[in-house]
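Each chain, written out:
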Amino acid sequence: MGERDYGQVSWLEFVSVIGVVLRLPIVLLLRAVQTTFIACPKVRKSWRRFLWDTAFRSVADVWNIKQFQFVFGTSLHIYEVWARSHGFPVLVDDIGTHGGRLLWIGPRNTKRVVLYLHGGGYIIPLQDFSVTFWNYIRLKLEEEGTSAGFAIMSYSIIPTVEFPTQFVQAVEALQHIIASGCSPQNIHIVGDSAGGNLALALLSHMLHPIENVPPISLASRIGGIFLMSPWVSLTGDTGSHLVNDSFDIVGTKTFAYCGRKVLEDVPDSLRMYLEISKAPDTWFKGIDKLVSRILITAGGVECLRDDIVQVSHELSKNHSEVRLIVQENGVHNDPFYDFLAGERHLGDLTPKILVWLCQGLKGSKEED
């Protein structure tokens, strides 16, 4: 399937999209009644977050790849609309030879760079509320006297390409930033969900090079890597997938659907780079030579929780600077949805991410 087929829905799929949207008010009302009269002690949210979380889950449960892509459009389009609506210039770097792009949030500052790998199960494009989140972090860092360029890595998504194309694009993005004059110690890689999966695949490639994929040469360790709700198991069936299915914003069925679509054309030799939770005990040996520090966050009521905790423990066996935060009552990618809902009071995880990133960037050395 080529780019011209991206988001092309049948008339039945189009009618289904409209039907889901029209049913949302009824779904929200029924869910509100259920939550009011049935005890639900695990989750405590504002009504604004409750409504947006419910709406997101209702859509994620039923739409297929083509419907998601039809409604949301492309990452480039979403970025361009976001940038213009916020009064920012549209700054796009074409990178490598495989169609990847860097989309800059604010100035193209290459002395210190935060490289963002977006999530979406490798099937959904960049979401504007995640851009708003990272712009918030960028502005807060500036208030603390720490400036950095924030670049979104826009990669091709399934089914227009197959893995490892996205991985090659991520390698080329990192090479592009280093070639622009940014030392690896001044680079922080951040990724949520599938973006976290992609970040771990980058580290895996450095430890276990993939044939026919460009190698990554580092003059120093990468400054830091932050993984928000990383999608570490594409075939997950651990306890939290069952226990938290009714609480999470993305359900077990949706994770399984995305996992099948991603893995159906992946050769056995590459599955380990995607299924990090199933990697052998020695997989991450030497990771302390590649990156200075790692932060991993998970939601206490998200389906991926147990997989994320397991992988963080494996990482910590090979690196002394691995920190895991499990957010109480948090869902998958929880901090983002405060920005989707327009919350006035952010959750407790966002400030912790800001502090961790600020410490890392302040500790890096700015090149003249």
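Scroll up for the structure.
Computed from a predicted model, the values in this text were never measured in an experiment.

1. Brief notes about the layout of surface pockets
Each pocket or cavity is described by its volume, and for the second largest pocket that value is around 290 Å³. Lining of the second largest pocket is provided by 13 residues; of these, Trp52, Phe56, Phe72, Gln127 and Leu340 occupy positions nearest its centre. Secondary structure elements with two or more residues in the lining of the second largest pocket: helix 2 (47-60), helix 3 (65-72) and helix 5 (128-143). Top element by residues in the lining of the second largest pocket is helix 2. It accounts for five residues. Of the residues belonging to the lining of the second largest pocket, the class tally is eleven nonpolar, one polar and one charged.

2. What about the sheet that holds strand 6 (residues 224-228)?
Strands belonging to one sheet form pairs held by backbone hydrogen bonds; the direction of such a pair is parallel or antiparallel. Pairing in this open sheet of eight strands is mixed, and the strands run 1-2-4-3-5-6-7-8 from one edge to the other. For this open sheet the edge positions go to strand 1 (91-95) and strand 8 (322-327), each flanked by a neighbour on one side alone. Direction aside, neighbouring strands of the sheet carry axes that sit 20 degrees apart on average. Sheet analysis places strand 2 (residues 100-105) next to strand 4 (residues 149-154), joined by five bridges and oriented antiparallel. Bridging across to strand 4, Ile105 finds its partner in Phe150. Here helix 5 sits on the sheet and contacts strand 2, strand 3 (113-117), strand 4, strand 5 (187-192) and strand 6; the angle it forms with strand 4, its principal contact strand, is near 160 degrees. Where helix 13 (residues 349-363) meets the sheet, its contacts fall on strand 3, strand 4, strand 5, strand 6, strand 7 (294-299) and strand 8, and the angle it forms with strand 6 comes to roughly 165 degrees.

3. Overview of the side chain of Arg112
Looking at where Arg112 falls in the secondary structure, it is placed in the loop between strand 2 and strand 3. A distance of 3.1 Å separates a polar side-chain atom of Arg112 from the backbone oxygen of Leu361.

4. Some thoughts on the packing of aromatic side chains
Tallied over the entire structure, the rule returns 18 aromatic pairs. Summarising the aromatic geometry, the rings of Phe129 and Tyr337 are spaced 5.6 Å apart at their centres and angled 40 degrees between planes, so their arrangement reads as tilted. One end of the pair, Phe129, is in helix 5; the other, Tyr337, is in helix 12 (residues 334-341), with 208 residues separating them in the sequence. As far as burial versus exposure is concerned, Phe129 and Tyr337 are alike and both buried. Ring geometry for Trp134 against Phe226: centres 6.3 Å apart, planes inclined by 70 degrees, an arrangement best described as edge-to-face. With Trp134 in helix 5 and Phe226 in strand 6, the pair connects residues that are 92 residues apart, well separated along the chain. Assessed through its relative accessible area of 2%, Trp134 is described here as buried. Exposure remark for Phe226: the relative accessible area of 1% places this residue in the buried category. Among the aromatic side chains, those forming a connected cluster through ring pairs are Tyr116, Phe133, Trp134, Tyr136, Phe150, Phe226, Phe336, Phe339 and Trp356.

5. So, the environment of Val113
Here Val113 lies in strand 3. The class for Val113 is buried, based on a relative accessible area of 0%. Sequence spacing of Val113 and Ile177 is 64 residues, and the spatial spacing of their C-alpha atoms is 7.9 Å. Apart from residues no more than four positions distant in its own chain, Val113 is found in contact with Trp104, Gly149, Ile177, Cys182, Asn186, Ile187 and His188.

6. Overview of the nonpolar core
Core analysis: the largest hydrophobic core is formed by 113 residues, its most contacted members being Trp134 and Ile189. Counting residues per element, this core draws most heavily on helix 7 (residues 194-207), at eight residues. Dropping the residues within four chain positions of it, Trp134 is found in contact with Ile105, Tyr116, Phe150, Val190, Phe226, Phe336 and Leu357.

What counts and what doesn't
Residues numbered from 1 in each chain as written. Predicted model: local features only at pLDDT ≥ 70, side-chain atom pairs only at ≥ 80, totals over all residues. Heavy atoms only, no water. 1 Å grid on protein atoms, 1.4 Å probe; cavity = no way out; pocket = protein on both sides within 12 Å on 5 of 7 lines; lining within 4 Å. Points joined across faces, edges and corners; volume = space filled by probe spheres on them. Helix = DSSP H or I, 4+ residues; strand = E, 2+ residues; numbered from the N terminus. Nonpolar A, V, L, I, M, F, W, Y, C, P; charged D, E, K, R; others polar. Pairing = 2+ DSSP bridges. Axes fitted to C-alpha atoms, helices over the stretch in contact; angles between N-to-C directions. Contact = heavy atoms within 4.5 Å. Polar contact = N/O pair within 3.5 Å; in protein donor to acceptor, adjacent residues only side chain to side chain. Phe/Tyr/Trp six-rings, centres within 6.5 Å; stacked < 30°, edge-to-face > 60°. Buried < 20%, exposed > 50% of the residue type's maximum accessible area, 1.4 Å probe, protein only. Core = buried A, V, L, I, M, F, W, Y, C linked by side-chain atoms within 4.5 Å.

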